[in-house]
Amino acid sequence: MIQPPGQIPWPSHWFAGQNCDDALYRGDVSDGEESTAGPASGAEGAEALIADPVVELDDAVSLIDRFPAVAGLDLTVHKGDIVLLRGPNGAGKSTLLRLCAGLAPLSAGQGSVLGHDLASRVGRRSLRRQAGLLAHQTFLYDELTVEENVLFWARANRIDTASVEPVLDRLALSNRLKRVKVSNLSAGQRRRTSLAVLVVRRPRLWLLDEPHAGLDVNGRDFVDGLVKHAVAFGATVMLASHDFDRAAEIATRTVVIDGGQAYDQAQPQALREDEPNFQPPAEATAANGSTEANGSTEANGNTEVDSGVAPAAESG
Amino acid sequence: MAGKDLRIEFTSRVVTAQILPFGFLILIMFGLAIPPELLVVGDARRSVLEEVAPALFWLAVLLSALMALGRAFAVEAHDGNLDALRMAGIDPAGVFLGKALAVTAELVMVEIVLGLGAFVVFDAPLANPVMLAVTIVLATAGVTLAGTLYAALAAGQRARDTLVPLLVLPVLAPVLLGATLATRDALFDEPGVAGWSWTMLLAVFALLYVGVGTLAFGPLLEET
């Protein structure tokens, strides 16, 4: 059984921030490429070296096969935020997370994540080592065992493999499961293995796409605890989840993604997709007359709608 | 990277259970299709099968290599692993050389078994085993280095299974030519066939693709 967060102290080196000797969080990862993170010394250095805002997108466009999955999106995420992304299927949440991971292209507009310029190939490559993405895909090799997968990705990320065993233990993957091929695992067990890889990587920016999907209650509790502790140790989290009630409990801020654009929402409980009166933000605000839909057409051809909820970039 | 790929092969046994039998089938089908007539070549009399054995062997190797290359990138394309490789920040040149090394190891194993089979099926002589060994190593390196580069190019495409042969086979024509002629010299030791010159061509080809692959694999991985 997965050990519930809170009952057993989290090994500090997992999150390694102020008081821990962890290169990733100190910001002195050397990948031979551009980095805004300079040399660090101790806790104050660690705090100062993590760029703030962590995510800054200005009129960002990301084309997927010519389709603007992210269409003129403005978003600012500050260090320590837990940002819940919500919106209907196909709204652009996953593409936004991939954009922030340096995987999806920034086709137009401006963007920087962890101080790395998304328009620059070098910047994206530097960013990827510091961001962690839990996606719909598992990022696992079916033919390898759980342990072999986590060890491979630890080595690939130049992480000390000594940290693998405690993480497997924490995720209840350390017993007979660790020698089982991933192809023989259930969906939930695969998800836990992907989480183990993510924890071993200790990213500065956690990008979680439906992190609760496929997990049982213990697993979901574990994810929530993981997010809180990662943030407590200096990380920033963006998560997309349809498990709205659960995700809203840990989120410090909710951003509605619709039509590839972002709208800040101060009160996460105000709108719910599963409620009969749920409307996308633009329609909702136009209907209740709280704001004007200015309908101005931007240079990129997208219509920007002032939804009455502050544009994400202007809030924080 | 090479260790991981070989571990995957050890677990899945695709090379031993599928690619190797595939290569054997090709050799046997060639053996059945070619008439057992005798030819007069210079002072020697050889069967048609014996005469074309080097070419058929290398064709069988090339077709087996296509399967091995496709397999090498299928495991990366599966479940977003290429994205995870990008996020890991591994040096792309290391990914390229690691994957090429793993496919080379698999292919050399296939060639040894196929070669032994070819000697039985085609009843071929062996005049110069050293030249044959050098030819096998250099030709295999050329096939896997060039093949890895083009297989990576096709990895992100939906039609990758059909795209890889279209991209790789024309590029490998010099390897097929050089390997066939060098092998021919190693088997028959014919006057006028400069086997070592052809092995030099194979070495140049392999070195060329070490350089091209090391430089191009990063941008390629980025765009895949």
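Residues numbered from 1 in each chain as written. Chains lettered and ligands numbered in written order. Predicted model: local features only at pLDDT ≥ 70, side-chain atom pairs only at ≥ 80, totals over all residues. Heavy atoms only, no water.

### Some thoughts on the interface of chain A and chain B
What counts here: Working rule for contacts: check all heavy atoms of both residues, and any pair within 4.5 Å makes them a contact. Buried area counts how much accessible surface, traced with a 1.4 Å probe, disappears from two parts once they are put together, with both parts' losses summed. The term salt bridge refers to a side-chain nitrogen of Lys or Arg lying within 4 Å of a carboxyl oxygen of Asp or Glu. Polar contacts here mean pairs of N or O atoms no more than 3.5 Å apart (in protein, one a potential hydrogen donor and the other a potential acceptor; neighbouring residues in sequence count only if both atoms are side-chain atoms). In DSSP terms, a helix is any run of H or I states spanning at least four residues, a strand is any run of E spanning at least two, and both are numbered starting from the N terminus. Basically, the charged four are Asp, Glu, Lys and Arg, the nonpolar ten are Ala, Val, Leu, Ile, Met, Phe, Trp, Tyr, Cys and Pro, and anything else, Gly included, counts as polar.
At the junction of the two partners, chain A supplies 29 residues and chain B supplies 26 residues. Overall, the association of chain A and chain B removes approximately 2300 Å² of surface from exposure, summing both partners, and the carbon and sulfur fraction of that is 53%. At the junction of chain A and chain B, the tally comes to 3 salt bridges. Close ionic contact of Asp83 of chain B with Arg98 of chain A constitutes a salt bridge, the shortest N to O distance being 2.7 Å. Connecting chain A to chain B are 10 residue pairs in polar contact (both at pLDDT 80 or more). Counting residues per element, the ones that place at least two in the side of chain A that touches chain B are helix H4 (93–101), helix H5 (121–128), strand E6 (131–134), helix H6 (146–156) and helix H8 (187–201) of chain A. A breakdown of the residues in the side of chain A that touches chain B according to their chemical character gives 11 nonpolar, 4 polar and 14 charged.

### Focus: the sheet that holds strand E4 (residues 108–113) of chain A
Residue and element names in this part refer to chain A. As a reminder, the rule being used: The criterion for strand pairing is that DSSP finds at least two bridges linking the strands in question. To obtain an axis, a line is fitted to C-alpha atoms, over the contacting stretch when the element is a helix, and the angle between two such axes runs from 0 to 180 degrees between their N-to-C directions.
Read across the open sheet, the 4 strands follow the order E2-E1-E4-E5; overall the sheet is antiparallel. The open sheet has two free edges, formed respectively by strand E2 (67–77) and strand E5 (116–117), since each of these has just one partner strand. When strand E1 (residues 55–64) meets E2, the two strands line up antiparallel, connected through 8 bridges. Counted as the bridge partner of Glu56 is Thr76 from E2. Contacting E1, E2 and E4, H4 crosses the sheet at an angle of about 115° to E1.

### Let's talk about a nonpolar patch on the surface
Residue and element names in this part refer to chain B. Keep this limit in mind: Patch membership requires more than 30% relative accessible area and the absence of a salt bridge. Residues of like charge join within 9 Å; the nonpolar side chains Val, Leu, Ile, Met, Phe, Trp and Tyr join within 5 Å. To be clear on the numbers: accessible area is Shrake-Rupley with a 1.4 Å probe, and residue cover counts the displayed protein chains and nothing else.
On the surface, a cluster of nonpolar side chains totalling about 500 Å² of accessible area is made up of Ile28, Met29, Leu32, Val120 and Val121. Mapped by element, the contributors of at least two residues to the nonpolar patch are helix H2 (14–33) and helix H5 (92–122). Top contributing element to the nonpolar patch by residue count: H2, with 3 residues.

### Observations concerning the confidence of the model for chain A
Residues and elements named next belong to chain A. Our working definition: How sure the predictor is of each residue is captured by pLDDT, a score from 0 to 100.
In this model, chain A carries a mean pLDDT of 72, and residues with pLDDT of at least 70 account for 67%. Between residues 12–48, whose pLDDT stays under 50, and residues either more than four places distant or in other chains, the model counts 78 contacts. Counting interchain partners and residues more than four positions distant, the pLDDT-below-50 stretch residues 267–316 has 84 contacts.

### Some remarks on H6 of chain A
The condition is simple: Under the scheme applied here, a residue whose accessible area is under 20% of the maximum for its type counts as buried, over 50% as exposed, and between as partly exposed, the area being computed with a 1.4 Å probe on protein chains only.
With 8 of 11 residues buried, H6 of chain A lies mostly within the body of the structure. Among all positions of H6 of chain A, only Val146, Asn149, Val150, Leu151, Phe152, Trp153, Ala154 and Ala156 of chain A are buried. Taken together, the buried residues of H6 of chain A touch helix H7 (164–170) and H8 of chain A together with helix H1 (2–12) and helix H4 (81–88) of chain B.

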